[in-house]
Amino acid sequence: MKKLFSLLLIATLVLMAACGNKSSVKESGDKLQIYTTVFPFKSMIEQIGGDHVTVSSIYPNGIDIHTYEPTQKDTMRIAKSDIFFYTGDELDQVSAKIAQVINKKDKTVQLAKDIDDNDLLAGEEHDHDHEAEHEHEHDHGAHDPHVWLDPEMNKSFAKVIKDELVKKDKAHEKEYTKNYEKLVKDIDEIDKQLKTIIKTKKQDTVFISHDSIGYLAKRYGFKQEGVSGMNNEEPSQSDIINMINNINKSKATVILYEQNIPTKTVDIIKDKTNATAVPFHNMAVLTDKDKKDVTYQDLMKINIDSLDKALNNK
Ligand SMILES: [Zn+2]
Ligand SMILES: [Zn+2]
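Residues numbered from 1 in each chain as written. Chains lettered and ligands numbered in written order. Predicted model: local features only at pLDDT ≥ 70, side-chain atom pairs only at ≥ 80, totals over all residues. Heavy atoms only, no water.

Colleague: Explain helix H5 (residues 151-168) residue by residue, including any values.
Modeller: With 18 residues, H5 ought to run about 26 Å at 1.5 Å a step, and its terminal C-alpha atoms sit 26 Å apart, in line with that. The N-capping residue of H5, defined by a side-chain oxygen 3.0 Å from the backbone nitrogen of Glu152, is Asp150. (Helix = DSSP H or I, 4+ residues; strand = E, 2+ residues; numbered from the N terminus. Expected span 1.5 Å × (residues − 1). Polar contact = N/O pair within 3.5 Å; in protein donor to acceptor, adjacent residues only side chain to side chain.)

Colleague: For the coordination of the zinc ion (ligand 2), give the residues involved together with the corresponding values.
Modeller: Summarising the metal site, the zinc ion (ligand 2) is bound by the protein donors His66 (NE2), His146 (NE2) and His210 (NE2), whose distances to it range over 2.0 Å. Classification of His146 as buried rests on a relative accessible area of 1%. (Donors = N, O, S within 2.8 Å, 3.2 Å for Na, K, Ca; no water. Buried < 20%, exposed > 50% of the residue type's maximum accessible area, 1.4 Å probe, protein only.)

Colleague: Report on a negative patch on the surface, specifying residues and quantitative values.
Modeller: Where like charges cluster on the molecular surface, the negative patch consists of Asp89, Glu90, Asp116, Asp117 and Asp119. By the secondary structure assignment, Asp89 is in the loop between strand S3 (83-86) and helix H4 (93-102). Using a relative accessible area of 36% as the deciding quantity, one classes Asp89 as partly exposed. (Patch = residues over 30% accessible without salt bridge, like charges linked within 9 Å, V, L, I, M, F, W, Y side chains within 5 Å. Areas by Shrake-Rupley, 256 points an atom, 1.4 Å probe, with all protein chains shown as cover. Salt bridge = Lys/Arg side-chain N within 4 Å of Asp/Glu carboxyl O. Lys, Arg positive; Asp, Glu negative; His and termini not counted. Charge placed at Lys NZ, Arg CZ, Asp CG, Glu CD.)

Colleague: Lay out the sheet that holds strand S8 (residues 276-280) in plain terms, naming residues and giving numbers.
Modeller: Strands pair in a sheet through their backbones, by hydrogen bonds, and they do so in one of two ways: parallel or antiparallel. With parallel pairing, four strands are arranged side by side in an open sheet as S6-S5-S7-S8. The sheet terminates laterally at strand S6 (223-228) and S8, the two strands that pair on one side only. Across the sheet, the axes of successive neighbouring strands diverge by a mean angle of 35°, strand direction being ignored. Relative to strand S7 (residues 254-258), strand S5 (residues 205-210) runs parallel, the two sharing two bridges. Considered in S7, the bridge of Ile208 is made with Leu256. Sheet strands touched by helix H10 (residues 296-311): S5, S7 and S8. Its angle to S8, the strand with the most contacts, is close to 150°. (Pairing = 2+ DSSP bridges. Axes fitted to C-alpha atoms, helices over the stretch in contact; angles between N-to-C directions. Contact = heavy atoms within 4.5 Å.)

Colleague: Can you lay out the packing of aromatic side chains for me, pointing to particular residues and giving the numbers?
Modeller: In the structure shown here, the tally under the stated rule is three aromatic pairs. Seen in terms of ring centroids, Phe41 and Phe157 are 5.5 Å apart; in terms of plane orientation they differ by 85°. Their pairing is edge-to-face. Placement of the pair is Phe41 in helix H2 (residues 39-49) and Phe157 in helix H5, with a sequence separation of 116 residues. Both residues of the pair, Phe41 and Phe157, belong to the buried class. Relative to Tyr68, the ring of Tyr59 has its centre 5.1 Å away and its plane inclined at 90°; by these criteria the two rings are edge-to-face. One exposure class covers both Tyr59 and Tyr68, and it is buried. (Phe/Tyr/Trp six-rings, centres within 6.5 Å; stacked < 30°, edge-to-face > 60°.)

Colleague: Any chance you could break down the packing of H2 against H10 for me, citing the residues and the numbers?
Modeller: Packing of H2 against H10 brings their axes to within 9 Å, and their N-to-C directions diverge by 135°. Between H2 and H10, the angle falls in the class oblique. Here Phe39, Pro40, Ser43 and Gln47 of H2 come into contact with H10, specifically with Tyr296, Gln297 and Leu299. Split into classes, the residues belonging to the contact of H2 with H10 amount to four nonpolar, three polar and no charged. (Parallel < 35°, antiparallel > 145°, perpendicular 65-115°, else oblique. Nonpolar A, V, L, I, M, F, W, Y, C, P; charged D, E, K, R; others polar.)

Colleague: Go over the pairing of strand S1 (residues 32-36), please, and point to the residues and values.
Modeller: Across a regular strand the side chains alternate sides, sitting on one face of the sheet and then on the other. For S1, a buried count of four out of five residues is recorded, marking the element as mostly surrounded by other parts of the structure. Here S1 pairs with strand S2 (residues 53-57) via five bridges, running parallel. Residue Gln33 lies in a different strand from S2, and its bridge partner there is Thr54. In this fold, S1 hands off to H2, which returns the chain to S2; that crossover is right-handed. The sheet contact formed by S1 and S3 spans two bridges and is parallel. Note that in S3 the partner of Ile34 across the bridge is Ile83. (Right-handed = clockwise from strand over helix to strand, strands pointing away.)

Colleague: Any chance you could break down the pairing of S5 for me, citing the residues and the numbers?
Modeller: Counting buried positions along S5 gives six out of six residues, so the element sits mostly inside the fold. In this structure, S5 lies alongside S6, joined through five bridges in parallel fashion. Its bridge partner being in S6, Thr205 is matched across the sheet by Lys223. Since S5 and S6 lie parallel, the crossover through helix H7 (residues 214-220) that links them has a hand, and here it is right-handed.

Right under this line is the structure:
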């Protein structure tokens, strides 16, 4: 009996030692500290990087990213990370400025570097006179920034992420490659489902709280009409009336409500039509309503359901 006890004791000690080792490997000092912008990038980096990365978004939960400006303290915090992933200098001018402050080529990565310029949608035309109006709350990108909603582009971004992690941490190349390949399979599945719902479409136009789905619309062959434009500016009275008329004319049954866009104006439009509110997650930021462990794939699943309702009058 005594022997059994001492054997158990040894076994316990060995187990404890093993656990101790494991936790020291997982210490945050050994992980790549990564900053990025919108949620799909964070989710994809986490899925490819697994245990070897700690990823944060530069955006606070629930904000409107179109009016986000980092404080100096924010920028310094981001500069201390190992890698900062963002779409690109032309697509995201706030991040371009952060990258400029970091000023280290091996620490800042533009995810859209392999995307052909012709595949990017034009930025919004502005009605107001920019010479006269000095202060602007919205940015003036040359391109529609919402590229992360297009599965094809996300596949390209995922490859840039994988290659960069391998470059920084060659020891885990096999794991990163395996995780990347699994993610690509999931994105292909998302693409397949979107192609399926579009086949039966009864509506040409999807109505949404702001113009965030331009790339989805282009890729799968429908139109978007946002209550607000792609910079989420306040719509004018005539914009609102036009939209009410268009929804009534098309007999659309759905308006997509986004998680981080105020509902006040959208509610007015909805109440003047027969459309109902259906949630769409533009994934720019999470909100407090989102589960902590939610993934890009989870949110796209909900979005595909919602787009199906909008396109097929469900
Ligand atoms: Zn402007
Ligand atoms: Zn937006």
